[in-house]
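Breakdown of the fold
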Amino acid sequence: MARMVADQNLLRVHSLLVRVTHWINVLAILMMVTSGWRIYNASPIFNFRFPAGITLGGWLAGALQWHFAAMWLLALNGLVYLLGGFVSGHFRRDLLPVTRAALADDLKDALTFHLRHQVGVYNSLQRVAYLGVVADLCVLVLSGLAIWKPVQFQEIAWLLGGYEGARIVHFVAMSLLVAFVAMHVLMVLLVPRTLLAIITGRARVPPAPVPGSPLQPRNLPAPPPTESGDAL
Ligand code: HEM
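Attention in this report is confined to the structure presented alongside it. These numbers come from a predicted model, not from an experiment. (Residues numbered from 1 in each chain as written. Predicted model: local features only at pLDDT ≥ 70, side-chain atom pairs only at ≥ 80, totals over all residues.)

With that settled, the discussion passes to the overall build of the protein. When helices and strands are tallied, the protein shows 8 helices and 3 strands. Counting only residues that meet the buried cut, the protein has 20% of its 232 residues in that class. (Helix = DSSP H or I, 4+ residues; strand = E, 2+ residues; numbered from the N terminus. Buried ≥ 20, exposed ≤ 12 C-beta atoms within 10 Å, placed from the backbone.)

Okay, structure coming up:
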């Protein structure tokens, strides 16, 4: 993920592919979730409805149209992200591995408010959260297919416990996604410089410490290789 750009102390943090698919994904998810709430309101599974003011579509038919339109955006954009991530080695390099020891260390640091964020490197909690939300989105798409076309996708519907089971799985996966987004945005507010990096792809890092100086950063990995080309 992180490559030193020839100029100054700029790190190339996020590839163009990650940035473009990330923001298209945000737009698609916003449309899917808010129109989904409107569709849910027409036939609630639980004993509550979402406030109409935070839903999209105006009425059931309008919400369905938004949901189906955004579905293509989400699915195609997700495929581009997944294919690009595998082919470029982004997943292998930046989201893996997640070891139990590193996860335990990072969790301990987070619980004692000592978790450090190093620009260009995801900590274990971020890795688990990002891999988890990608898996959650796959469950959302699969359960959505089972609800949309329960006859054509009857194998998926069967796996999820039939049409009603698929609706509950879809709802639970949506709730997990919303919980992820709330936590994710909170983290961005706590470390706001990450926001600029996911937009521009670059981040400024502090100058390298003077050799022999007592002010050496602790536990930082070796500086990333210098590269001026645009990574995928
Ligand atoms: C709406 C649903 C969202 C989802 C599913 C999502 C998912 C993700 C994922 C999977 C990554 C890692 C990308 C990768 O390297 O492959 C990421 C990174 C990031 N996202 Fe989001 N995101 C969402 C919304 C947002 C929003 C609204 C913001 C800004 C307020 C945001 C800011 C960021 C930032 C700053 C990073 C990079 C974090 C870092 O460098 O440490 N995301 N997001």
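Still to come is the rest of the account.
With that out of the way, let us pick up the site of the ligand. Neighbouring the ligand are 17 residues, the closest being Val26, Ile29, Tyr130, Thr194 and Ile198. Counting residues per element, the ones that place at least two in the shell around the ligand are helix H1 (16-42), helix H5 (124-148), helix H7 (162-190) and helix H8 (193-200). When residues in the shell around the ligand are grouped by element, the largest group, 5 residues, is from H1. Split by residue class, the shell around the ligand holds 11 nonpolar, 5 polar and 1 charged. (Near = placed C-beta within 6 Å. Nonpolar A, V, L, I, M, F, W, Y, C, P; charged D, E, K, R; others polar.)

A few words on H5. Over its 25 residues, H5 runs 36 Å from end to end, which matches the ideal 36 Å to within 8%, given 1.5 Å per residue. Within the span of H5, buried status applies to Ser124, Arg127, Leu137, Leu140, Ser143, Gly144 and Ala146. Where the residues of H5 are buried, they touch helix H2 (60-88), helix H3 (90-95), helix H4 (100-111), helix H6 (154-159) and H7. (Expected span 1.5 Å × (residues − 1). Contact = placed C-beta atoms within 7 Å.)

These results come straight from atomic positions and should not be treated as a statement about function.
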